[in-house]
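Results of the structural survey
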Amino acid sequence: MEAKLAFSQESPPISIICAAKVADVPLTVDPSLATGSAPILKFGSGESLHGVKPILHYIARSASFSSFSGKNNMEFGHVVEWLDYAPTFFSGSEFENACSFVDGYLASRTFLVGHGLTVADIAVWSNLAGIGQRWESLRKSKKYQNLVRWFNSIDAEYRDTLNEIVAAYVGKRGIGKSPAPSLKEKVHDSKDPSAPEVDLPGAKVGQVCVRFAPEPSGYLHIGHAKAALLNKYFAERYQGRLIVRFDDTNPSKESIEFVENLLKDIETLGIKYDAVTYTSDYFPKLMEMAESLIKQGKAYIDDTPKEQMRKERMDGIESRCRNNAVEENLSLWKEMVNGTERGMQCCVRGKLDMQDPNKSLRDPVYYRCNTDPHHRVGSKYKVYPTYDFACPFVDAFEGVTHALRSSEYHDRNAQYYRILQDMGLRRVEIYEFSRLNMVYTLLSKRKLLWFVQNKKVEDWTDPRFPTVQGIVRRGLKVEALIQFILQQGASKNLNLMEWDKLWTINKKIIDPVCARHTAVLTDQRVIFTLTNGPEKPFVRILPRHKKCEGAGKKATTFTNRIWLDYADASAISKGEEVTLMDWGNAIINEIKMEGGVITELVGELHLEGSVKTTRMKITWLADMEELVPLSLVEFDYLICKKKLEEDEDFLENLNPCTRRETLALGDANMRNLKRGEIIQIERKGYYRCDAPFIRSSKPVVLFAIPDGRQQASLN
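Looking at an unreviewed UniProt entry, one finds the chain named glutamate--tRNA ligase, with Miscanthus lutarioriparius as its source organism. Taken from UniProt, the Catalytic activity (unreviewed entry) comment for the chain reads in full: "tRNA(Glu) + L-glutamate + ATP = L-glutamyl-tRNA(Glu) + AMP + diphosphate". Among the UniProt annotations of the chain, the heading Subcellular location (unreviewed entry) holds the following wording: "Cytoplasm".

Shown next, in the form of structure tokens:
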């Protein structure tokens, strides 16, 4: 049947129109929607599909040739991934990066998915064509030969069909708008959208090298994610190199577990790097540098007790060891290297300026003793460099041109440059950005470790944690996290962000595609007997999502005894007509009660009744043994104060209740849920499956996903 495609004249969905032509799916176009509206595919039956991706799914499945959606489930999965990626070309700032990525991908491929044309090819092709003159200029160049080869082959095969559409809808400046601001559009501080991008100082295309340098003492959290993505952005923008370097200078806090999971999280964020290095790779050279500075009189050995040293630095008082002879310093350095009892009392300090107003320049510590075994080099070393000493050295040695650091390090920038100068190494430019802070959230790894060690959470992947693995486990899509961080850009303004904004972005991603299911609360349900209901149960096959065919189908059982949530039953009046969702209307004839509690509703189906006239639309479940036991888990913030000041103890602000579990019964289809699958339970919210069905005695565990609306505390 022919359908009508309605869209905004300013943003014609060229991918849909092209796909329909190629797939021989008839549709008429109606460019009458308001500016900014998502396209709608309207059917004669009154049903409709909203949004580019659901409509493309429909066209792919309705095509005159079955392989247009992929030849099997695996290929269909890859098609879906490409449909998600296709809009990237309309993001002006990411256009070249997208071209480069697809060009590399097509190096040994003829089509994007499998060995034949799919809707993925048409979606990407049409979005490229929709760019207009910018793409045509690149097409004539030799920059992306694989991409141009692929584009030209499709153009040759479907020239008459596709070029007619391009001519009708694409001008020289192209069409389409990015679905979300990209980093390049947000990377400047000015509120003027036409303001120039912020540049790395002295950066030259092809000559930039940046590094992301996490300490392997915890898992990657949302704050680290911002730093990682900014480094990725600048490396790609300047066609430079990105090094992932583990700053493993404190064996007491670090482990191989953290290294492996940090690499896993970096991969999750879609970050491609050129090399993985470790500060521990440079321990011999760092020790040589420390000894050289001692010989030059630019560093000395100090055995001042820790607290006294801290006080002297604050007060600008020189250590009594500051002017010791070089020979004595070298002797004590040897004691430190050997880890002797005398050496363990000492540290190496840089001889900078004890009277400088910037306290970071008041003879910082360069080396300390530590006899704990290192996760990579074992017990080979008894001395380890501090971050302040190792970082500038390794940056310079590895060829880093620009060190991205959060603005919390601002006062230590002068120290960084002074240490480079004393070492006689080339200058590395520092580029500052603001740290990403979230309300009701601790980002200190030391404090997060306390929750793990004291079993206040399961582990570093707990859904209450701000780690990448934690928030993904709670139900956040990585696309939402990346979009949220890129919207912040490289601003240097300190900001405290609301989680609601992130979850709102997430909802927009999951709602159009996640399957719908039904559940009732185990301890708060009421039976509804339908006197004219079916004598024998029957089953209908219904879509899991009415507007997204890709969500699949579900089997719904209809019986004369059904379960309702008690909250719904208590809101119904005798004689009232209600709508049973996915079935029809029913009239309540009797409400049975015991001790003021509703025990049963009795009524009859009235399927000819109009759903438009009823006050209540109610979810329900058939009374049957196949219902699936569920554990619905809600989470709250770990602390109960929006922002902790520096002098406040987080232990005094712990949230007493951060997890609540509610038992429920779900429809029989929920036994097929897979770990990680995201669904919507009708009228209850979005959930991520954390533990799938194994047996009836063990409930399926579903984690509630915030939807961006303010939620009540669990207390």
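From this point, things continue past the structure.
1. A few points about the pattern of salt bridges
The tally for this structure, following the rule as stated, stands at 38 salt bridges. A salt bridge links Asp315 to Lys311; the shortest N-O distance between them is 2.9 Å. One end of the pair, Asp315, and the other, Lys311, are both in helix H13 (residues 306-315), four residues apart, so they sit about a helical turn from each other. Its relative accessible area of 53% is what places Lys311 among the exposed residues.

2. Considering the domain arrangement of the chain
Interface size is commonly expressed as the accessible surface area that is lost when the partners come together. Domains assigned within the chain are domain 1 (3-170) and domain 2 (524-622). On a C-alpha basis, the centres of domain 1 and domain 2 stand 42 Å from each other. Residue-level contacts link eight residues of domain 1 with five residues of domain 2. Interface of domain 1 and domain 2: buried area, both sides summed, is about 500 Å²; carbon and sulfur atoms make up 56% of it. Put simply, domain 1 and domain 2 have zero salt bridges between them. Summed over the shared surface of domain 1 and domain 2, the number is zero residue pairs in polar contact (both at pLDDT 80 or more). Those elements that provide at least two residues to the side of domain 1 that touches domain 2 are strand E4 (48-50) and helix H2 (52-62). Among the elements that make up the side of domain 1 that touches domain 2, the one with the highest residue count is H2 (four residues). When its residues are assigned to classes, the side of domain 1 that touches domain 2 shows four nonpolar, three polar and one charged.

3. Digging into the packing of aromatic side chains
In this structure the tally under the stated criterion is 35 aromatic pairs. Each ring, one from Trp82 and one from Phe101, has its centre 6.1 Å from the other, and the planes form 35°; the classification is tilted. One end of the pair, Trp82, is in helix H3 (residues 73-85); the other, Phe101, is in helix H4 (residues 95-105), with 19 residues separating them in the sequence. Since its relative accessible area comes to 7%, Trp82 is described here as buried. Accessibility expressed as a relative area gives 41% for Phe101, which makes it partly exposed. Judged by centre distance (5.1 Å) and plane angle (90°), the ring pair of Trp450 and Phe451 falls under edge-to-face. Members of the aromatic cluster, joined through ring pairs, are Tyr219, Phe258, Trp450, Phe451, Trp460, Phe465 and Phe650. Against the face of Phe558 rests Arg540, its NZ or CZ located 4.7 Å from the ring centre.

4. A look at unusual backbone geometry
Unlike most non-glycine residues, Lys455 shows phi in positive territory, near 55°. Here Lys455 lies in the loop between helix H17 (445-453) and helix H18 (468-474). According to the relative accessible area criterion, Lys455 is exposed, its value standing at 72%. Phi at Asp582 takes a positive value of approximately 65°, unusual for a residue other than glycine.

How each quantity is defined
- Residues numbered from 1 in each chain as written.
- Predicted model: local features only at pLDDT ≥ 70, side-chain atom pairs only at ≥ 80, totals over all residues.
- Heavy atoms only, no water.
- UniProt positions renumbered as here; feature names shortened; annotations may be inferred.
- Salt bridge = Lys/Arg side-chain N within 4 Å of Asp/Glu carboxyl O.
- Helix = DSSP H or I, 4+ residues; strand = E, 2+ residues; numbered from the N terminus.
- Buried < 20%, exposed > 50% of the residue type's maximum accessible area, 1.4 Å probe, protein only.
- Domains from an automatic or database assignment.
- Contact = heavy atoms within 4.5 Å.
- Buried area = accessible area lost by both parts, 1.4 Å probe.
- Polar contact = N/O pair within 3.5 Å; in protein donor to acceptor, adjacent residues only side chain to side chain.
- Nonpolar A, V, L, I, M, F, W, Y, C, P; charged D, E, K, R; others polar.
- Phe/Tyr/Trp six-rings, centres within 6.5 Å; stacked < 30°, edge-to-face > 60°.
- Lys NZ or Arg CZ within 6 Å of the ring centre and 35° of its normal.

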